[in-house]
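Fold and geometry: a report
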Amino acid sequence: MDQDEVARKIFASIDLNRDGVLSADELRAWLECKGEETLSNALLAQLDTNGDGAVSLQEFIDGFRDMRGNLAKVVHVDSPVYRAVSLAWLAQFVKAHAGTTQSWDVVKEFMAEEDGGGTDTVLTVTSNNLETHRDKRRAAEKAKSGKPVPVQYRDIPFEQMYTTDIVECFVRSVAREEHKSYAQAKNLPVGAPTYFISHAWGSTFVDLVKSVTGALAGAAQADTYVWLDIFAINQDDTGGVFSAMAELDDGKTLASTVETSRATLVVLDKERVIPLTRLWCLYEIGSTPPQKLQLVTHGFSENDVSHHIRNIDAETALCFSPADKEMIHGEITGKFGFASMRHFTEELKLRFMLRPMSYESDLQALRERGLSNEYQLEELREHVTSTGGRLACIVGGPGEGKSSVAAAALDLVHAAHFCKRADVRRQDVLEMARSLGFQLGQKFDVVRECLIDLEEDIAAKALVDPDFAVNALLVDPLKKLAKIQKHAVILLDALDEADDDRHISNAAVGLLRHLARDVRSSVSVLVTTRPDADGDYPRRRVLEHDWEGGMRVMEPAHVLGPAPVEVEQEESRLPGPWEEAMRNMQSIKVYQIVARKFVKRYGTNLEPPADIDAAYKLWFDRAAKDDVEVRRLIDIVLASREPLSSAHVDRLRLRETCERLPGWGLLFEERDHLLQTLHLSLREFLGDTKRSGEHAADVFRGHHELARSCLDVLKRGDDEKGPAVAYSLRHAHVHLTEAVERMLHGGDEALLMDVVKKWHGAFLVERRQEEVSMIPEGYEASPWCATEFAGLWLNRQMDAGRRGVLVVELLRLEKALLEAKEKLADNVTGLVATVESLHAFVRVLRWGVGTHSQVEVIAANLPCTSAWHQSPGQSVLTSCTACLPARVDIDATILNNMKGHSDSVTSASYSADGTRIVSASEDKTVRIWDATTGACVSVLEGHSDKVTSASYSTDGTRIVSASDDETVRVWDATTGACISVLEGHSHYVTSASYSADGTRIVSASEDETVRIWDATTGACISVLEGHSDSVTSASYSADGTRIVSASQDETVRVWDATTGACLSVLEGHSEWVTSASYSADGTRIVSAGGYDHTVRVWDATTGACISVLEGHSDKVTSASYSADGTRLVSASDDKTVRVWDATTGACISVLEDHTGQFSSASYSADGTRIVSAGGDKAVRVWNATTGARISVLEGHSHRVPSASYSADGTRIVSASEDETVRVWDATTGACVSVLEGHSDVSSASYSADGTRIVSASSDSTVRVWDATTSACISVLKGHSGAVTSASYSADGTRIVSASDDETVRVWDAMTGACVSVLEGHSHVVTSASYSADGTRIVSASGDNTVRVWDATTGACISVLEGHSDYVRSASYSPDGTRIVSASQDETVRVWDATTGACLSVLEGHTGWVLSTSYSPDGTRIVSAGKDSTVRVWDATTGACLSVLEGHFWPVLSASYSPDGTRIVSSSEDETVRVWDVSHVT
């Protein structure tokens, strides 16, 4: 029986006088019979929509869906579905019994025979043996070997009771006596289930309630009902028959409960994740639509959830009753329609793994609105289902029925996504990929198997990386689909609603472009969209290019067909003006819906609306004008970034207000437990004061309200996954940003002060200055201190995989706060300091998140002058590392790290408006990127060899690229279509760019010429000859009158752009010139001098060299001006980008992060960003306004193989292949002295008394130095190959050295005489060192072994074998009982120094391990690796305690300071770093 039929039957039973309407008296009489007369007035008010004091049948039917919850216990008085207990009672039940002990008897439990099972002897369980008893019971349950035995529980603390204990202690005795459920017998406050709770009985009951109340924190507890089987179902087992089985009714009760509830909360216990191992729980989960499923995880992380999801197996899940198991299996394969339990298991895994979005509520509404339509889908069906590679596009204006067509076409497609402007999640490529992938997995076995088989780390990355998700969840599965000659059909509705706020990009179109490029033949697509408008992203033109030859465009009316006869008849019965208005607006479906509903409810007394705005006004004019709460709710709805959940509206205390919204049930309604609006046009109406007048929403107030309330939600500390918490985590800070931005454009400053102070108080508290340490001289600590909440907030953001988007969001907030600070300076002085300190806090946080990927590393690297330093917030994030010397400010920040190219990136530059970046690569492609988000917008393919440069025309409509295929290509910047190919060069083309007016293109080539081309026709206008070697770059002056070119002939040439005459030759560079370009005003030229490592600035008129900028240590690949001419930026093969003051020539900042050489760097037009291209295949965007950086120990000009402390910890000594040994002040980081004499130096270390330094070198010698004067005291010669290490014995009388000559030598430290030569290794010896007592020497070798030697006799005592590759280092523990070794097999091994047995293998490094040693107390091991990390290990357990990241090249050595609080590391990146590890636990 459908819902309307149920409503009619109930209506008939109430309508006693059979007059077709219900009076107040009739309603009251009927409710009195049910004992619920108190509901009378509320129900009448809800149902009587036209206010005439009576309820018609149509009104009753229209309102029945909303009134079902209120009437549930009246209509279904005997159903266990409606025995959900109030959340308030549940919380009070736990509170009342807290701290008590309970005793009870159980008739039988099942135990193994050896544990008492199968006897009549009563087992006694107390708190002392409770856990042991439970373990034995679980073991018997798992082995299915248990036999019955009576058990008595005595004095068990309530907090330790499982849910099954609650049943036996409280519920069962009542059920046996009353033969009723606990809820009935105790007359508990019950109602229709708000939430269905899926849980396991074998978990702690207090934790269950804590998780549920935490997830629903903020909901009105008295009005929120949770369905718990232990209270709702009769647990009477009298006579051994479970009455529960009868009330569960073969699962029908659970199905009805799930259907009635807003959501199913699956409560997972961290200890054993029991619900995922129980068949009943899996059945409950499977019965729940995806959109209603919420995980409630008590102390769980996303990684915990992902790990346990993979272990789900419905076939082997536990179920006590064979009858239950048979019933559930039958339901799954019958009612649910799964072919097998394996198929059901895979469905559950996919659902949990991908967390797909639900569109059911939207589809339900669309179907209801489209009931009067007659769809003609044959042409659509033929176009998209007959073959792959096709696209059908339904283009129509607002409200013309595009989405109704989409809903009707669902039978034609395998997967669908409905974009929605009101829900930012619907515009997220990640969400699209996950949802579409899930749906395709449901339809195609090959896709499902492909997704299920994803490795855990790959699946985890697909949940946070949009590009990776598209490839892993869509592209790869679709390729496999193509192999079996099938294609998928995908629907994307409302493409226009996926436009970004700036209308310059569209995430859904980007997804389609990806599919068209990679798997076009295996997919066809149906899309709906509004027409392109001026300034909007040209969706249709892009699609026509990508789906050329396979695209068909239709209007909605073509598919909808003519209006049905009954609709025309209905309109004909309307008064003349209304009939005419309805016919005039026939094509605007949303108008038809809004106007018809108004007529049904209020009649035709008013003038008919002329358009959709007027139709909306009819409804709003009927609403009370002075209802403050309604106005507040409308403001919030318009400001919300996705539809608010019912639970969230509960938290706002606005649930009852919903029913007073204008047009409730139509314009606004609760669908799918979300507060939804009818149509995008309603939001556009309310958001535009000109259209809605007095009804317009105050969106600023809405953002203010949400910024406050969402912060309150987060401050409660809920770690569950409730909808309000999830929304607040994603959007609270964005609402703060919106509030600040809108204040800048006329918003209420008093409101802004309120919300900014609230956020300031949440993140910051005043610091007590006496608590601060480690601040370098000349700097001050922040007067503010980051709160514990600030650390928790960041932790949760990172755990949710939001790092990438968080950087963009924080950057926007940072900018808004900076502008607010400047605006408020003269107006609201009380707010300036608050805004200023919050801005500083956000600025540092944004830098940390943008620069580092792990919270521990973020915390370790935040400046000591910031609020984060030594704060509760920092303690939440890490207790281990801090980089020393202390960072005093943030670096020039990487805002975006754009990856996608598969080979070196040769150039990257901005479009003139700063919204796009174009990059060229040796992978033969050009890529266009969104400059804000870093998303790849399109890939331009066509070149047949390396692409050497790419840049925009000034108007942004064209891109020109140069290639080693000897051509220049011109591209449409929007569609990516290649417009023309310019041919004429006879060798590689090294650069190409437009003139400022866009009429000309200039190109440079290794054929030693520069060519000028007509940008429209592609004709070559002139060839400029004069260079005597390859021309590396050529570009126009801003006025277009001059061209400047650079060449490998070591010159720069200036040419007349009209005549082609060479005007001047600029000489001065001593090597190839790699680039040359003009300043914006045309008065200066800057050139990059390639291998002479310099940048030169020239007077563009006279050709005189004005300045030479020195600092780079390798080839300079590019140099260019900022738009205002005040800055220069240069890129180099030394892996840095440098920013220079264009007037003084001073180096302002050094930008380092690329793990390969930099190919180019250039400014955005506004000068706030720098974009760089690198040999590591990445494009990076930097904040050009910040430049201070940490004082890492810099000075070496080549790789640093070793660094170690002096015994007193005051000095650090480092060895480098730049042929020097350097001594550093360990506190300040200053270089104290440079010891020169060696060629490449491989190691250096102090004697125990700190008076000497010993160094080893590839020059085959060992040198001893006076540590005070730096004088070389002696040179020890004897080795016939490079010396790899040298160190002192503890008493300072001996030196031991290792060498490539396969020997270890022992030297007298005073005389320098060689005491002994230890031979036995069959390959290079990489290290040698003494035990602490000086009796033993341990050596490591390329022969994969470690050898232990008697230090006196030189005899080899033992050979330690186990490593499978070179052993790079070996050393003793301080007490001499252990040896630790590092190897190129990527492991660290710990050995028993006496027996030689391998005790443990430490794994974790992802490259060679190059060094390892013990901490002074022997409790820790530190290792350095080729993976650029330093790792700290527990020496006893082998657990990895911390990973120190900061070096960007292999780390060659790492060792502890004498007090164990610091680690010093050296690297191929030419730096030495000091780390604070005093808190590693």
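Structure: above.
My aim in this report is to walk through the structure given alongside it, one point at a time. (Residues numbered from 1 in each chain as written. Predicted model: local features only at pLDDT ≥ 70, side-chain atom pairs only at ≥ 80, totals over all residues. Heavy atoms only, no water.)

Digging into the overall build of the protein chain
- If you tally the helices and strands in the protein chain, you get 42 helices and 77 strands.
- In the protein chain, buried positions account for 58% of the 1481 residues.
- Within the protein chain, counting contacts between residues at least 6 apart in sequence, those at least 24 apart form 59% of the total.
- Accessible surface for the protein chain amounts to roughly 57,100 Å². Of this, 47% is attributable to carbon and sulfur atoms. (Helix = DSSP H or I, 4+ residues; strand = E, 2+ residues; numbered from the N terminus. Buried < 20%, exposed > 50% of the residue type's maximum accessible area, 1.4 Å probe, protein only. Contact = heavy atoms within 4.5 Å. Areas by Shrake-Rupley, 256 points an atom, 1.4 Å probe, with all protein chains shown as cover.)

Some words on empty space enclosed by the protein
- Scanning the model with the defined rule gives three cavities of 30 Å³ or more in all.
- Size it by volume and the largest cavity reaches roughly 40 Å³.
- Per element, the largest residue contribution to the lining of the largest cavity is three residues, and it comes from strand S18 (residues 674-677).
- In terms of residue class, the lining of the largest cavity is built from three nonpolar, three polar and one charged. (1 Å grid on protein atoms, 1.4 Å probe; cavity = no way out; pocket = protein on both sides within 12 Å on 5 of 7 lines; lining within 4 Å. Points joined across faces, edges and corners; volume = space filled by probe spheres on them. Nonpolar A, V, L, I, M, F, W, Y, C, P; charged D, E, K, R; others polar.)

Structural notes on the sheet that holds strand S62 (residues 1314-1319)
- On the basis of which strands lie adjacent, the open sheet formed by four strands has the order S59-S60-S61-S62 and antiparallel pairing. Each of the sheet's edge strands pairs with one partner strand only, and the pair in question is strand S59 (1283-1288) and S62. Geometrically, the sheet is characterised by an average inter-axis angle of 20° between neighbouring strands, direction not taken into account.
- Note: strand S60 (residues 1294-1299) against strand S61 (residues 1303-1308), five bridges, orientation antiparallel. The partner of Ile1295 across the bridge, within S61, is Trp1307. (Pairing = 2+ DSSP bridges. Axes fitted to C-alpha atoms, helices over the stretch in contact; angles between N-to-C directions.)

Things to note about unusual backbone geometry
- A positive phi angle, close to 65°, is found at His1093, a residue other than glycine.
- Residue position: His1093 is located in the loop between strand S40 (1084-1088) and strand S41 (1094-1099).
- Taking relative accessible area as the criterion, His1093 reaches 27% and is therefore assigned partly exposed.
- The backbone phi angle of Glu1386 is positive, close to 75°, even though this residue is not glycine.
- Residue classification places Glu1386 among the partly exposed positions, given a relative accessible area of 34%.

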